[in-house]
Amino acid sequence: MGALKLNSIRAVRAINDLSFRQRIMLLLGLFAVVLFLIAMLEPRPQDPEYHLFADNRAFFGIPNFNDVVSNLGFATAGIVGILLVAGSRHSLFACPPDIRPYAIFFVAITLVSIGSAYYHWAPSNERLFWDRLPMSMAFMAISSAVVADRIHARAGNGWLLLVMLAAGAASLVYWNWTESAGRGDLRFYALVQFYPMAALPLIIGLFPRFRYTAGRYLAWMILWYGSAKVLEHFDGEVFALLGHTVSGHTLKHLAAAVAPIVIVRMLLAQKRSSD
């Protein structure tokens, strides 16, 4: 324990000794490495079996009922977040530009509920595009909020937010185009989906000062999203384990919907601490 504590102290001191420019270069270096590795991979098309979910039962005339209706979790989380941002914008945020990434994030989460329900009603690549598009917007918006809070407010709330939103949309337009051309390529959507979650711990470590984005809440957000991906992967196994009552993908929707609720709690905690 003593050695671990000593190493932690040394790591903190090493980070403190870095200049702002050096910290930015570390982040850019990580992104360049990840982008290079992604580019080196073979193009990966959408697996047609992805659309074959374990629970395809219909109720009340709704096909794939549980996977469709479980998107109410996203709608609830998104609407709660929108109401919080709209109702507390003067007391919650230090300046109006700080609102932008959070407003976009919660609107995107609300739209995920619509896009995902639309997709699960009749799963196909064409419909999957509308599921993933608002999801990518949410990833980009919350990542930009962290950048604005911890690194550079004007960039994170301004030009970088627009660039990241455009990059998220472009990754899906590219995937959709390659699928229609018969050579689907999901690599860059995977970058949009997973790189922000991987980069957040590094950003927290390199830029410890914050107003809104407390590290413990971001860790819980990543944990819930990671749990959702595990449930998605083991869709059929979870369905069988639970006696064919609820599938892994249905639970994935509910677990993923907790992540924006964590962001709501994070903002409320900041508001209480500033009162």
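The sections below set out a description of the structure shown in this document. All figures in this text were calculated on a predicted structure; none of them were measured in a lab.

What follows deals with unusual backbone geometry. Phi at F60 is positive, roughly 55 degrees, even though this residue is not glycine. What makes F60 exposed here is its relative accessible area of 76%. A positive phi is found at N64, a non-glycine position, where the angle reads about 50 degrees.

Turning next to a nonpolar patch on the surface. Taken together, the side chains of V33, F36, L37 and M40 define a hydrophobic patch exposed on the protein surface, amounting to about 430 Å² of accessible area. In this structure, M40 sits in helix 2 (residues 20–40).

Before going further, it helps to spend a moment on the side chain of S136. Examined against the element boundaries, S136 turns out to sit in helix 7 (residues 125–150). Beyond its immediate sequence surroundings of up to four residues, S136 is in contact with G168, A169, L172, Y189 and V192.

This part covers the nonpolar core. Of all hydrophobic cores here, the largest spans 61 residues; its most connected members are F93, Y102, F105, F106, M221, I263 and L267. For this core, the element with the most residues is helix 7, which contributes 12 residues. In contact with L267, other than residues within four places in its own chain, are L84, L92, F93, Y102, F106 and Y212.

All right, on to the packing of helix 7 against helix 10 (residues 187–206) then. The contact between helix 7 and helix 10 brings their axes to 10 Å, and the two run at 20 degrees. For the element pair helix 7 / helix 10, the angle class is roughly parallel. Here helix 7 and helix 10 pass one another in a crossing that is left-handed. Residues R132, M135, S136, F139, M140, S143, V146 and R150 of helix 7 form the contact with helix 10, whose participating residues are Y189, V192, Q193, P196, L200, I203 and I204. Tallied by class, residues from the contact of helix 7 with helix 10 come to 10 nonpolar, 3 polar and 2 charged.

Another point: helix 2. Every α-helix winds through 3.6 residues per turn, so residues three or four apart in the chain are directed the same way. With 21 residues, helix 2 should reach 30 Å at 1.5 Å per residue; the first-to-last C-alpha distance of 30 Å fits that figure. What helix 2 keeps buried is the set R23, L27 and I38. Down the axis of helix 2, the sector holding all buried residues measures 55 degrees, keeping them to one side. Seen from the buried face of helix 2, the exposed residues on the opposite side, beyond 90 degrees, are R21, F36 and M40.

Inspection of the entire model under this criterion finds 4 salt bridges. Its salt-bridge partner being D55, residue R57 comes within 2.8 Å of it at the nearest N-O pair. Take R57: its relative accessible area is 30%, and that puts it in the partly exposed class. Residue class for D55 comes out buried when judged on its relative accessible area of 2%. What you see here is one network of salt bridges that share partners, running through K229, E232 and K252.

Turning our eyes to something else, we now look at the side chain of Q193. With respect to the secondary-structure elements, Q193 resides in helix 10. On the basis of relative accessible area, Q193 is assigned to the buried category, the value being 7%. Separated by 2.6 Å, the side chains of Q193 and Y225 make a polar contact. The contacts of Q193, once residues within four sequence positions are left out, are F139, Y225 and K229.

This brings us to the packing of helix 4 (residues 72–87) against helix 6 (residues 99–121). Any two packed helices are characterised by the angle at which their axes cross and by the distance between the axes. Axis separation between helix 4 and helix 6 bottoms out at 7 Å; the angle between their running directions is 155 degrees. By the angle between their axes, helix 4 is roughly antiparallel relative to helix 6. Note on packing geometry: the crossing formed by helix 4 with helix 6 is left-handed. In contact with F74, A75, A77, G78, I79, G81, I82 and V85 of helix 4, helix 6 contributes I99, Y102, A103, F106, V107, I109, T110, V112 and S113.

Attention shifts here to the packing of aromatic side chains. The way to describe two aromatic rings as a pair is by their centre distance and the angle between their planes. Summed over all chains, the structure comprises 14 aromatic pairs. Taking 5.3 Å as the distance between ring centres and 70 degrees as the angle between the ring planes, the aromatic pair formed by F31 and Y195 counts as edge-to-face. With F31 in helix 2 and Y195 in helix 10, the pair connects residues that are 164 residues apart, well separated along the chain. Note on F31: relative accessible area 34%, which makes it partly exposed. Using a relative accessible area of 16% as the deciding quantity, one classes Y195 as buried.

Quick notes on the rules
Residues numbered from 1 in each chain as written. Predicted model: local features only at pLDDT ≥ 70, side-chain atom pairs only at ≥ 80, totals over all residues. Heavy atoms only, no water. Buried < 20%, exposed > 50% of the residue type's maximum accessible area, 1.4 Å probe, protein only. Patch = residues over 30% accessible without salt bridge, like charges linked within 9 Å, V, L, I, M, F, W, Y side chains within 5 Å. Areas by Shrake-Rupley, 256 points an atom, 1.4 Å probe, with all protein chains shown as cover. Salt bridge = Lys/Arg side-chain N within 4 Å of Asp/Glu carboxyl O. Helix = DSSP H or I, 4+ residues; strand = E, 2+ residues; numbered from the N terminus. Contact = heavy atoms within 4.5 Å. Core = buried A, V, L, I, M, F, W, Y, C linked by side-chain atoms within 4.5 Å. Axes fitted to C-alpha atoms, helices over the stretch in contact; angles between N-to-C directions. Parallel < 35°, antiparallel > 145°, perpendicular 65-115°, else oblique. Left-handed = near helix turned anticlockwise from the far one by under 90°. Nonpolar A, V, L, I, M, F, W, Y, C, P; charged D, E, K, R; others polar. Expected span 1.5 Å × (residues − 1). Arc of directions from axis to C-beta. Polar contact = N/O pair within 3.5 Å; in protein donor to acceptor, adjacent residues only side chain to side chain. Phe/Tyr/Trp six-rings, centres within 6.5 Å; stacked < 30°, edge-to-face > 60°.

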